[in-house]
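Here is what each chain is made of, one letter per residue.
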Amino acid sequence: MTATPDLATRTPQLASPDLLRSVFRRHAAGVAVITARGDAGPVGFTATSLTSVSAEPPLVSFGISTGASSWPAISSAGHIGVHILGEHQQELAATFARSGADRFGAPTNWREGPEGVPVLDDVLAWLVCRVVGRVPAADQRIVVAEVVLGDPAGPGRPLLYHQGRFNGLRD
């Protein structure tokens, strides 16, 4: 098999933050919001790094920067909420991604759920999880959490993140 002329003429880039960002802009990812109860009230952030780790036991993971405003609460939380957003929730995703935003003020609809975890309304699915590990990875932490309970039955189609924008799933 031979390389196409286009590939043959391109020069690979050395590893850098820009290279990683450029590559992952091409990777479509589902959009989730992670929530927790903090000392000063609920906290949350938009995550595209959510991963199913194991079915037995049911484990998920996500990454968070230690510089994120939500990190102090996530760093000590016993339980967290995981919310899978629908394509109708682009503004909600943007709110939870925006630095300094009032993430739990109107128009965000939420309630206190099991273990005191903030649970967002009108999402495709949500989980309450018990944190079982926080793994250092440069200026990030990979949080591993065991699913305690959840609801997978919200209506709609998933919200995706691709090329720096929120998008709906196309057929």
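In the block above lies the structure referred to throughout.
How each quantity is defined
- Residues numbered from 1 in each chain as written.
- Predicted model: local features only at pLDDT ≥ 70, side-chain atom pairs only at ≥ 80, totals over all residues.
- Heavy atoms only, no water.
- Salt bridge = Lys/Arg side-chain N within 4 Å of Asp/Glu carboxyl O.
- Helix = DSSP H or I, 4+ residues; strand = E, 2+ residues; numbered from the N terminus.
- Buried < 20%, exposed > 50% of the residue type's maximum accessible area, 1.4 Å probe, protein only.
- Phe/Tyr/Trp six-rings, centres within 6.5 Å; stacked < 30°, edge-to-face > 60°.
- Pairing = 2+ DSSP bridges.
- Contact = heavy atoms within 4.5 Å.
- Axes fitted to C-alpha atoms, helices over the stretch in contact; angles between N-to-C directions.
- Patch = residues over 30% accessible without salt bridge, like charges linked within 9 Å, V, L, I, M, F, W, Y side chains within 5 Å.
- Areas by Shrake-Rupley, 256 points an atom, 1.4 Å probe, with all protein chains shown as cover.
- Polar contact = N/O pair within 3.5 Å; in protein donor to acceptor, adjacent residues only side chain to side chain.
- Core = buried A, V, L, I, M, F, W, Y, C linked by side-chain atoms within 4.5 Å.

Undergrad: Lay out the pattern of salt bridges with the relevant residues and their values.
TA: Here the structure, examined in full by the defined rule, presents four salt bridges. Residue Asp-121 pairs with Arg-111 through a salt bridge whose shortest N-O separation is 2.6 Å. Of this pair, Asp-121 sits in the loop between strand E8 (118–120) and strand E9 (125–137) while Arg-111 sits in strand E7 (residues 110–112), and the two are ten residues apart along the sequence. Asp-121 gets classed as partly exposed once you look at its relative accessible area, which sits at 30%. For Arg-111, a relative accessible area of 38% translates into the label partly exposed. Salt-bridge contacts for Arg-130 lead to Glu-146; the nearest nitrogen and oxygen are separated by 2.7 Å. Pair noted here: Arg-130 is in strand E9 and Glu-146 is in strand E10 (residues 140–151), with a separation of 16 residues, a long-range link. With a relative accessible area of 23%, Glu-146 lands in the partly exposed category.

Undergrad: So what's going on with the packing of aromatic side chains? Which residues, and what values?
TA: Under the defined criterion, the tally for this structure stands at four aromatic pairs. Relative to Phe-62, the ring of Phe-45 lies with its centre 5.9 Å away and its plane at 55°, an arrangement referred to as tilted. Remark: Phe-62 occurs in strand E5 (residues 58–65) and Phe-45 occurs in strand E3 (residues 41–47); sequence separation between them is 17 residues. There is no split in this pair, since Phe-45 and Phe-62 are both buried. Ring geometry for Phe-96 against Phe-104: centres 5.2 Å apart, planes inclined by 85°, an arrangement best described as edge-to-face.

Undergrad: Tell me about the sheet that holds strand E11 (residues 159–162), and please be specific about residues and values.
TA: A sheet is described by the order of its strands in space; here three strands give the open sequence E1-E11-E12, paired in antiparallel fashion. Each of the sheet's edge strands pairs with one partner strand only, and the pair in question is strand E1 (29–30) and strand E12 (165–168). The pairing of E1 with E11 spans two bridges and is antiparallel. Looking at the pairing, Gly-30 lines up with Leu-160 of E11. Sitting on the sheet, helix H4 (residues 90–97) touches E11 and E12, and the angle it makes with E12 is about 155°.

Undergrad: Outline a nonpolar patch on the surface, listing residues and values.
TA: Taken together, the side chains of Leu-20, Val-23 and Phe-24 present a nonpolar region at the surface, about 300 Å² in accessible area. By secondary structure assignment, the location of Phe-24 is in helix H2 (residues 17–25).

Undergrad: So, the pairing of E3: which residues are in play, and what are the values?
TA: Counting buried positions over the seven residues of E3 gives five, a clear majority of the element. In this sheet, E3 lies alongside strand E2 (residues 32–38) in antiparallel orientation, the contact comprising seven bridges. Paired with Ala-36 across the strands is Val-43, a residue of E3. Linking two consecutive strands that pair antiparallel, namely E2 and E3, is a turn of two residues.

Undergrad: I'd love a proper account of the side chain of Gln-89, names of residues and values included.
TA: Counting through the fold element by element, Gln-89 comes out in the loop between strand E6 (79–84) and H4. Residue class for Gln-89 comes out buried when judged on its relative accessible area of 6%. One polar contact links the side chain of Gln-89 to the main-chain amide nitrogen of Gly-86, over a distance of 2.8 Å. Contacts of Gln-89, omitting those with residues within four sequence positions, involve Ile-84, Asp-121, Asp-122, Val-123 and Leu-159.

Undergrad: Report on the nonpolar core, specifying residues and quantitative values.
TA: Among the nonpolar cores identified, the biggest contains 18 residues, and Ile-34, Phe-45, Phe-62, Ile-64, Ile-74, Ile-80 and Val-143 are the most heavily contacted of them. Where this core is concerned, the elements lending two or more residues are E2, E3, E5, helix H3 (71–76), E6, E9 and E10. Setting aside its immediate chain neighbours within four residues, Ile-80 contacts Ile-34, Thr-35, Ala-36, Phe-62, Ile-74, Val-117, Leu-127, Val-128, Cys-129, Val-131 and Ala-145.

By themselves, these observations are geometric and do not establish any function.
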